[in-house]
Amino acid sequence: MSDPLFDLAGRVAVVTGGMGQLGSELAVALAGRGMQVAILDVETEPRETAAALRTGLEEGAIRLHRCDVTDRREVEAALALVEVDWGIPQLLVNAAGIDAPPDAPASEVGPFEDVPLDALERVVDVNVLGVVVPCQVIGGAMAREGRGSIVNVGSVYGLLSPDQGLYDFRRAGGEVFFKPVAYSISKSALVNLTRYLATYWGRSGVRVNMLTPHGIENEQPAPFVEAFAGRSPLGRLMDVSEAVGAVVFLASDASSYVTGANLVVDGGWSAW
Ligand SMILES: NC(=O)c1ccc[n+]([C@@H]2O[C@H](COP(=O)([O-])OP(=O)(O)OC[C@H]3O[C@@H](n4cnc5c(N)ncnc54)[C@H](O)[C@@H]3O)[C@@H](O)[C@H]2O)c1
């Protein structure tokens, strides 16, 4: 028997970054709970491992709109298509984001003093403005409807400094590596964007909250997995499916009095 508190059936969701690891898990999970899900992403090919996403796209419960979330006109065009298909969304999950890739140029992952500003701008552009723009366009439309829920995906690295010791294994072979500052400062900006919008739209029926995950298992190198487990209170990385419950809660009527909050799903990482 479905619990009306958590019932999402018949509602419409937009998931930015829905072709990625976390976004696709959330898109499939929301579609599985009866939502109609529109993905906004620059990527158009599901990953090899994303069989459930492929099925959802084929069956039509999930629709993909190629869209750069930093571009207001592209987001407006995507929303117009969603509106024609299903109407104004009830849920916006901002999961699009970038970090320095594992093969980033040495300068991007080198000492703080030398990080090039253009690398910093690129990350801030996607991780901050790529949340601001969908909030303006889709959140604005929700506010005009007088209802909606927004979930901004942050990171523990936006609350706490990275433990650079986790990356010792990269330095063991003589490589210079620091987890870059751009990701941290971009994610911490979302903490207050979330609070700002929670109060801005408080009387308009749009709730705005943050999901802060940490350490999603994704075939990381064994020395990283070991170092992470040693530092984690739960002693392990997170399975991507462990983010679903938090998003269902924030999307549903179960969280009707929750706004401006940050739901930290980090296995206790930030508890000590
Ligand atoms: N993986 C983790 O351990 C972890 C931990 C904490 C927070 N997060 C956050 O969770 C979110 C999802 O991460 P992930 O691990 O699934 O990453 P991912 O790289 O698998 O997915 C990110 C998605 O965003 C899309 N994207 C990037 N730039 C875009 C743009 N300009 N417009 C539209 N789409 C764009 C990418 O194409 C990709 O599909 C990110 O915000 C990330 O910072 C991840």
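Please refer to the structure placed before this passage.
Predicted, not measured: the structure shown is a model, and the values here were computed from it.

1. Observations regarding the site of the ligand
Moving on, step 1. Of all residues adjacent to the ligand, which total 25 residues, the nearest are Leu22, Asp41, Arg47, Tyr183 and Lys187.
Moving on, step 2. Note that an oxygen atom of the ligand is positioned 2.9 Å from one of the backbone N or O atoms of Gln21.
Moving on, step 3. Within the backbone of Val42, a nitrogen or oxygen atom sits 3.4 Å from a nitrogen atom of the ligand.
Moving on, step 4. Those elements that place two or more of their residues in the shell around the ligand are helix H1 (21-32) and helix H6 (181-200).
Moving on, step 5. Counted by class, the shell around the ligand contains 13 nonpolar, 7 polar and 5 charged residues.

2. Some thoughts on the sheet that holds strand E5 (residues 148-153)
Moving on, step 1. A sheet is described by the order of its strands in space; here 7 strands give the open sequence E3-E2-E1-E4-E5-E6-E7, paired in parallel fashion. Each having just a single partner strand, strand E3 (62-66) and strand E7 (262-265) make up the two edges of the open sheet. Each strand axis lies, on average, 20° off the axis of its neighbour in the sheet, ignoring direction.
Moving on, step 2. Relative to strand E4 (residues 91-94), strand E1 (residues 12-16) is paired through 4 bridges, and the arrangement is parallel. Note that in E4 the partner of Val15 across the bridge is Val93.
Moving on, step 3. Sitting on the sheet, helix H3 (residues 72-85) touches E1, strand E2 (36-41) and E3, and the angle it makes with E3 is about 155°.

3. Points about the pattern of salt bridges
Moving on, step 1. All chains considered together, the criterion is met by 10 salt bridges.
Moving on, step 2. Between Arg72 and Glu76 there is a salt bridge whose closest N-O contact spans 2.9 Å. Remark: Glu76 and Arg72 occur in helix H3; sequence separation between them is 4 residues, near one turn of the helix.
Moving on, step 3. Using a relative accessible area of 40% as the deciding quantity, one classes Arg72 as partly exposed.
Moving on, step 4. Accessibility expressed as a relative area gives 36% for Glu76, which makes it partly exposed.
Moving on, step 5. Its salt-bridge partner being Arg170, residue Glu175 comes within 2.8 Å of it at the nearest N-O pair.
Moving on, step 6. On the accessibility criterion, Arg170 (19% relative accessible area) is buried.

4. What about the nonpolar core?
Moving on, step 1. Counting 33 residues, the largest nonpolar core has Leu30, Val37, Leu91, Val93 and Leu211 as the members making the most contacts within it.
Moving on, step 2. For this core, the secondary-structure elements that each account for two or more residues are E1, H1, E2, E4, E5 and helix H8 (244-251).
Moving on, step 3. Look past the residues within four positions of Val93 in its chain and what remains in contact with it is Val14, Val15, Thr16, Leu26, Val151, Val153 and Val247.
Moving on, step 4. Listed in part, the 32 residues of the second largest apolar core include Trp86, Ile150, Leu190 and Ala198.

5. Details of a nonpolar patch on the surface
Moving on, step 1. A cluster of nonpolar residues, Leu159, Leu160 and Val264, forms a patch on the protein surface that exposes about 190 Å² of accessible area.
Moving on, step 2. Topologically, Leu160 is positioned in the loop between E5 and helix H5 (168-172).

6. Section: the packing of helix H4 (residues 117-145) against H6
Moving on, step 1. Interhelical geometry of H4 versus H6 gives an angle of 20° and a closest axis separation of 8 Å. Comparing the axis directions of H4 and H6 gives the class roughly parallel. Here the hand of the crossing between H4 and H6 comes out right-handed. Across the interface between the two elements, Leu120, Val123, Val124, Asn127, Val128, Val131, Val132 and Cys135 of H4 pack against Val181, Ala182, Tyr183, Ile185, Ser186, Lys187, Ala189, Leu190, Leu193 and Leu197 of H6.
Moving on, step 2. Of the residues in the contact of H4 with H6, the class split is 15 nonpolar, 2 polar and 1 charged.

7. Side note on the state of the cysteines
Moving on, step 1. This model, assessed by the stated rule, comprises 0 disulfides.
Moving on, step 2. Cys135 forms no disulfide, and the closest cysteine sulfur to it belongs to Cys67, at a distance of 13 Å.
Moving on, step 3. Since its relative accessible area comes to 2%, Cys135 is described here as buried.

8. Describing the pairing of E3
Moving on, step 1. Strand direction decides the pairing type here: E2 and E3, joined by 5 bridges, are parallel. The partner of Leu40 across the bridge, within E3, is His65.
Moving on, step 2. Handedness of the crossover is the feature at issue here: the chain leaves E2, passes through helix H2 (residues 51-59), returns alongside E3, and the resulting connection is right-handed.

What counts as what
Residues numbered from 1 in each chain as written. Predicted model: local features only at pLDDT ≥ 70, side-chain atom pairs only at ≥ 80, totals over all residues. Heavy atoms only, no water. Near = heavy atom within 4 Å. Polar contact = N/O pair within 3.5 Å; in protein donor to acceptor, adjacent residues only side chain to side chain. Helix = DSSP H or I, 4+ residues; strand = E, 2+ residues; numbered from the N terminus. Nonpolar A, V, L, I, M, F, W, Y, C, P; charged D, E, K, R; others polar. Pairing = 2+ DSSP bridges. Axes fitted to C-alpha atoms, helices over the stretch in contact; angles between N-to-C directions. Contact = heavy atoms within 4.5 Å. Salt bridge = Lys/Arg side-chain N within 4 Å of Asp/Glu carboxyl O. Buried < 20%, exposed > 50% of the residue type's maximum accessible area, 1.4 Å probe, protein only. Core = buried A, V, L, I, M, F, W, Y, C linked by side-chain atoms within 4.5 Å. Patch = residues over 30% accessible without salt bridge, like charges linked within 9 Å, V, L, I, M, F, W, Y side chains within 5 Å. Areas by Shrake-Rupley, 256 points an atom, 1.4 Å probe, with all protein chains shown as cover. Parallel < 35°, antiparallel > 145°, perpendicular 65-115°, else oblique. Left-handed = near helix turned anticlockwise from the far one by under 90°. Disulfide = S-S within 2.5 Å. Right-handed = clockwise from strand over helix to strand, strands pointing away.

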